[in-house]
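# Examination of the molecular architecture
The residues making up each chain are set out below.
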Amino acid sequence: GPRIALPNIGLLPLCIIACAAFLIEGTGVDWSVIYMQDVFAVAPFVGGLSLTVFTALMAIGRLFADPVVERFGPRAVATTVLAIAALGSLLIGLAPHPYVAIVGFGMIGLGCSCVYPLTVSAAAQRTDRPAEVNVAALAQVSFVVFFLGPPLLGFVAEHWGIRISYLLVLPVIIAGLVLAGTLKGRREAGAAATADA
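Residues numbered from 1 in each chain as written. Predicted model: local features only at pLDDT ≥ 70, side-chain atom pairs only at ≥ 80, totals over all residues. Heavy atoms only, no water.

## Description of the packing of helix α2 (residues 44-72) against helix α3 (residues 74-94)
Where α2 contacts α3, the two axes come as close as 7 Å, and the packing angle between them is 120°. In terms of their interaxial angle, α2 and α3 are classed as oblique. Contacts from V68, V69 and F72 of α2 reach α3 at P74, A76 and V77. Its residues placed into classes, the contact of α2 with α3 shows 6 nonpolar, no polar and no charged. (Axes fitted to C-alpha atoms, helices over the stretch in contact; angles between N-to-C directions. Helix = DSSP H or I, 4+ residues; strand = E, 2+ residues; numbered from the N terminus. Parallel < 35°, antiparallel > 145°, perpendicular 65-115°, else oblique. Contact = heavy atoms within 4.5 Å. Nonpolar A, V, L, I, M, F, W, Y, C, P; charged D, E, K, R; others polar.)

As structure tokens, then:
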């Protein structure tokens, strides 16, 4: 196989969905506490709640996603959690009170919780190239965004305000939300599982 796996046209929708999830995760992990201090000048405990709630709901989403995906299918789950993430980012960007922002951080934590694993599974099931090539290509693109996204959002925050950074990720989340239809629905996922068995 190639030394560097690049995404092909068929894989691009999955890459955009995965990038949306990683961009959301980056804003939560790297900027939540700074956001709370800069925007609301809260006490350290309240500022830390934003990261705590974010990571707690992300962990809950990852731990309990499997039975939900089995029942409703990857497409419905990804669409739902990305919609929650979009609303959460909007809530953070416009929050009038610190506790409203904390609710938003919880929403983006849940919203990015299981999206990347769903895209990896979908990439591995594609038949246009070997599974390992598709997964590697998806991972390379996603992790580039994961590492470059927060510094770029920091640049935006420095020049236009940190609230704008959270509103800036909305178009990427919405793109992922629109493309979530490329994931398999419940019946398609069930048919694929039956075929594999």
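## A short note on the packing of aromatic side chains
Overall, the coordinates contain 12 aromatic pairs when judged by the stated rule. Linked through ring pairs, F22, Y116, F143, F146 and F147 together constitute an aromatic cluster. (Phe/Tyr/Trp six-rings, centres within 6.5 Å; stacked < 30°, edge-to-face > 60°.)

## Considering unusual backbone geometry
Even without a glycine there, the phi angle at A41 is positive, about 50°. Tracing the chain through its elements places A41 in the loop between α1 (12-40) and α2. A relative accessible area of 63% means that A41 is categorised as exposed. (Buried < 20%, exposed > 50% of the residue type's maximum accessible area, 1.4 Å probe, protein only.)

## Some details on the pattern of salt bridges
Between side chains of opposite charge, a pair can form as their charged atoms come close. Scanning the entire structure with this criterion turns up 2 salt bridges. For E25, the salt bridge is made with R62, and the minimal N-O distance between the two is 3.4 Å. Of this pair, E25 sits in helix α1 while R62 is found in helix α2, placing the two residues 37 residues apart along the sequence. The class of R62 is partly exposed, set by a relative accessible area of 40%. One salt bridge in this structure joins R126 and D128, with 2.8 Å as the shortest N-O distance. Taking the relative accessible area as the measure of exposure, R126 reaches 27% and is therefore partly exposed. (Salt bridge = Lys/Arg side-chain N within 4 Å of Asp/Glu carboxyl O.)

None of the figures reported here should be taken as evidence of function without further support.
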